[in-house]
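Residues per chain are reported as follows:
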Amino acid sequence: MNHARLRLAAVITSTGARRWGREATLRSIFHPSASVIGNYQNAVEWLSVDAYVGEVLGAGLPPNHGPSWTISLIDVTNDAAIVKIENEFGSMKFTDYLSLLKISGEWKIVGKLYHLHQ
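Scope of this entry: the structure provided in the associated data block.

What counts, and at which threshold
Residues numbered from 1 in each chain as written. Predicted model: local features only at pLDDT ≥ 70, side-chain atom pairs only at ≥ 80, totals over all residues. Heavy atoms only, no water. Helix = DSSP H or I, 4+ residues; strand = E, 2+ residues; numbered from the N terminus. Polar contact = N/O pair within 3.5 Å; in protein donor to acceptor, adjacent residues only side chain to side chain. Salt bridge = Lys/Arg side-chain N within 4 Å of Asp/Glu carboxyl O. Buried < 20%, exposed > 50% of the residue type's maximum accessible area, 1.4 Å probe, protein only.

Next up on the list: the side chain of lysine 112. Looking at the secondary structure, you find lysine 112 in strand β6 (residues 106-117). Only 2.8 Å separates the side chain of lysine 112 from the side chain of tyrosine 52, close enough to count as a polar contact.

Laid out in structure tokens, this is it:
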């Protein structure tokens with residue numbers, strides 16, 4: 001199994017592409033039908049990939065080439081996987097749970113559930 005690609009997808013979504021503002025890179029790791037779900041500002045946020053990418057790029061954060069992140073879990077069963085990653089975006093700290101599916105030899109995020117630490 002290619003855990004390196006899985007790990008890369010997790011890091012890109014949780015830190016890299018978000019911080020560097022690379023839209024194509026960020027979109028490439030998600031399945032087009034994926035959802036990003038969590039509680040944000042006392043309401044459930046349920047975003048499409050398009051809406052998520054728009055929010056990330058619209059945040060206006062300066063590039064950060066040394067983002068803070070930790071992968072605490074990778075669990076893989078054949079073509080399905082879960083990755084738990086703790087990261088920062090701006091001044092906010094998140095725990096992300098990424099559901100990934102290997103499609104045509106590539107890991108794609110099919111769902112991102114997040115917790116925003118207060």
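Attention now goes to the pattern of salt bridges. Applying the stated criterion across every chain, the model contains 2 salt bridges. The salt bridge partner of arginine 27 is aspartate 50, with a shortest N-O separation of 2.5 Å. Remark: aspartate 50 occurs in helix α3 (residues 49-58) and arginine 27 occurs in helix α2 (residues 23-28); sequence separation between them is 23 residues. For aspartate 50, a relative accessible area of 53% puts it in the exposed group. Across the pair aspartate 96 and lysine 112 runs a salt bridge whose closest N-O atoms are separated by 3.4 Å. With a gap of 16 residues between them, aspartate 96 in strand β5 (residues 92-103) and lysine 112 in strand β6 connect regions that are remote in the sequence. Neither aspartate 96 nor lysine 112 differs from the other in exposure class; each is buried.

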